[in-house]
Amino acid sequence: MRLYLKSLLLLSTMLTASTALSAELTVWDWKSGDPLSAPFYEKAKALFEAKHPDVTINYVMQPNDQYYTLLGTALSSNAGPDLFLMNGGAQAKARFGALLKLDDKVADIKSDLVGWEEFSDASGIYAVPLSIQGFVIYYNKKLYSDAGLDASKPPRTWAELTAVCEAIKAKGAVPCFAIGNKEGFGIEFWFSSIAATSWTAEQQSAFAAGKLKWSSEPVKAILQSWVDANKAGWFPQGANSTAKFMDEYEGFMRGEAANTIGLISDVAHWKQFDEFLGAENDGVFAMPSPTVAADKQDGNPKFPVSGGIGYGVNKSSPNADLAVEFAKVLASPEPAQIFFNDAGAISSNSKVDTKAVTSPAAISILSMMGTSGAPTAHANATAKELEEIHRISQSLLNGETTVDEAVQRMDEVQAEAHK
């Protein structure tokens, strides 16, 4: 009997130890269920679980348009995931209070990755960058040719872009730009694309610090260009009823617009557009400025590029150390190479090989990244400003408010956000 009881006690102790060692990491994102991204996520999971056989990775894909609302609710109730995906800049920085500070925990990989700026502030690093993201104009070369334009020479000044849109309008088949602004995302892409060439480095810094007001001429001019382009018939009707992801881009891929402001990485980008338009018809250029004279641009418009998406660790996670380790695996070379090869995500990891790419659009983008990058202005605004400009941008398109009224309201929000 004593031996039997001793055996039961030993078995109970073993089971308790096994339970203590096992863990599940819950990872939130809006990408893991996408067929092109899935191999990347599965590779990272396999690498981590092979090293930690008692740990299970549980991906939870949330709807993109509700992601930050759901995340905020979960974090406020202390029921959030162990680690979660975020866009760099304003969306990440608005959640630093809920994130584990990572400085000493990522020292071994810091030199391998770029894009840290969008996931850190003066107090430290709060997320691991996964990709580099930016906005460029993609254009359908066939539609340019059909309108009598030289498809080999995309516009490099505002006057040239205006001439392109007038030619597309005169042809009458499609609008000049595809625009989806149902969630207000259209203004983000327009705003940052124009600011990239229009603003000086000092103005970019001042805007990020809340010192360059929305009513100042450099900022106000961008909102005015949004209104003017719409009035000129560059945008399709119903832009405020069109989702940017992916209705806008699916329309562009069907040949229903001549241009679209797309991403350089991962989705709504060169890899998808090559597939649908044909690589020979997929052109790319940087948005010129409506306010900076052509001779001041040196014929070289800039485009916004910065840290794209990254993973932060919930500071309330009971498995924080494991979560940090998994975030580092997600950004490591082997999964990152798959992410680039399969999904076209331009990795934050400098060890990923991009030399084998054959897409003319991708080659142009990779070349531009070395010479023509600029800050992503909207990402350096506050989350409160982004929320308000989403709403106001729709009112501007509908003619329900004026630019003067819009910038007055945005000044108020900016001042409140920077108190």
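Reading the values: the criteria
Residues numbered from 1 in each chain as written. Predicted model: local features only at pLDDT ≥ 70, side-chain atom pairs only at ≥ 80, totals over all residues. Heavy atoms only, no water. Helix = DSSP H or I, 4+ residues; strand = E, 2+ residues; numbered from the N terminus. Axes fitted to C-alpha atoms, helices over the stretch in contact; angles between N-to-C directions. Parallel < 35°, antiparallel > 145°, perpendicular 65-115°, else oblique. Left-handed = near helix turned anticlockwise from the far one by under 90°. Contact = heavy atoms within 4.5 Å. Pairing = 2+ DSSP bridges. Phe/Tyr/Trp six-rings, centres within 6.5 Å; stacked < 30°, edge-to-face > 60°. Buried < 20%, exposed > 50% of the residue type's maximum accessible area, 1.4 Å probe, protein only. Core = buried A, V, L, I, M, F, W, Y, C linked by side-chain atoms within 4.5 Å. Lys, Arg positive; Asp, Glu negative; His and termini not counted. Salt bridge = Lys/Arg side-chain N within 4 Å of Asp/Glu carboxyl O. Polar contact = N/O pair within 3.5 Å; in protein donor to acceptor, adjacent residues only side chain to side chain.

Asks: Residue-level account of the environment of Leu25, with values.
Replies: Following the sequence through the fold, Leu25 ends up in strand β1 (residues 23–29). Sequence separation between Leu25 and Ala243 is 218 residues; the distance between their C-alpha atoms is 32 Å.

Asks: Mind laying out the packing of helix α2 (residues 38–51) against helix α13 (residues 320–330), listing which residues take part and the relevant values?
Replies: For the pair α2 and α13, interaxial distance at closest approach is 9 Å and the crossing angle is 135 degrees. The orientation of α2 relative to α13 falls into the category oblique. Crossing angle aside, the handedness with which α2 passes α13 is right-handed. For the pair α2 and α13, the contacting residues are Phe40, Tyr41, Ala44, Lys45, Leu47, Phe48 and Lys51 in the first and Leu322, Glu325, Phe326, Val329 and Leu330 in the second.

Asks: Run through the sheet that holds strand β6 (residues 128–129), naming residues and quoting values.
Replies: Sheet architecture is open: 5 strands sit in the order β2-β1-β3-β12-β6, paired in mixed fashion. The strands lining the two open edges of the sheet, one partner per strand, are β2 (55–61) and β6. Taken together, the 7 bridges between β1 and β2 define a ladder with parallel strand orientation. Residue Ala23 lies in a different strand from β2, and its bridge partner there is Val55.

Asks: Could you give an account of the packing of helix α7 (residues 185–198) against helix α10 (residues 244–253), naming the residues involved and the relevant values?
Replies: Two elements in contact, α7 and α10, have axes whose closest approach is 10 Å; the angle formed by their N-to-C orientations is 65 degrees. With respect to their mutual orientation, α7 and α10 come out roughly perpendicular. Contacts between α7 and α10 involve Phe185, Gly186 and Phe189 on the former and, on the latter, Lys244, Phe245 and Tyr249.

Asks: For the packing of aromatic side chains, give the residues involved together with the corresponding values.
Replies: Per the stated rule, a full pass over the model turns up 30 aromatic pairs. Their ring planes at 35 degrees and their centres at 5.2 Å tell us that Phe191 and Trp214 sit as a pair that is tilted. Of this pair, Phe191 sits in helix α7 while Trp214 is found in the loop between α8 (201–208) and α9 (217–231), placing the two residues 23 residues apart along the sequence. Owing to a relative accessible area of 2%, Phe191 belongs among the buried residues under this scheme. Taken together, the aromatic side chains of Phe135, Tyr138, Phe189, Phe245, Tyr249, Phe252 and Phe273 make up a single cluster linked through ring pairs.

Asks: Hey, could you go over the nonpolar core for me, with residue numbers and the actual values?
Replies: Membership of the largest hydrophobic core comes to 79 residues, with the highest contact counts inside it found for Phe177, Trp190 and Trp234. Leave out the neighbours within four places in its chain, and Trp234 touches Trp158, Leu161, Thr162, Cys165, Glu166, Pro175, Cys176, Phe177, Trp190 and Ala229. One finds Trp28, Trp30, Leu75 and Ala343 within the second-largest nonpolar core, a separate group that totals 50 residues.

Asks: I'd like a description of the environment of Met410, backed by residues and values.
Replies: You can see Met410 is positioned in helix α17 (residues 403–417). Overall, the relative accessible area of 0% leaves Met410 in the buried class. Distance in space between the C-alpha atoms of Met410 and Trp214 is 6.1 Å, their sequence separation being 196 residues.

Asks: Residue-level account of the pairing of strand β11 (residues 303–307), with values.
Replies: β11 sits mainly inside the fold: 5 of its 5 residues count as buried. As judged from the 3 bridges shared by strand β7 (residues 132–140) and β11, these two strands associate in the antiparallel manner. Bridging across to β11, Gly134 finds its partner in Val305. In the sheet, β11 pairs with strand β13 (residues 373–374) via 2 bridges, with the strands oriented parallel. Bridge pairing links Pro304 to Ala374 in β13.

Asks: An account of the side chain of Asp82 is requested, with residue identities and associated values reported.
Replies: With respect to the helices and strands, Asp82 occurs in the loop between α3 (67–76) and β3 (83–87). Of the side chains with opposite charge, Lys45 comes closest to the buried, unpaired Asp82, at an N-O distance of 12 Å. Looking at Asp82, its side chain comes within polar contact range of the main-chain nitrogen of Thr26, at 2.8 Å. Sequence-distant contacts of Asp82, that is, excluding residues within four places in its chain, are made with Glu24, Leu25, Thr26, Gly312, Val313, Asn314, Ser317, Pro318, Asn319 and Ala323.

Asks: Tell me what's going on with the side chain of Glu388, and back it up with residues and numbers.
Replies: Along the chain, the position of Glu388 falls in helix α16 (residues 383–398). The exposure class assigned to Glu388 is buried, which follows from its relative accessible area of 12%. Leaving out residues up to four positions away in the same chain, Glu388 has contacts with Arg409, Met410 and Val413.

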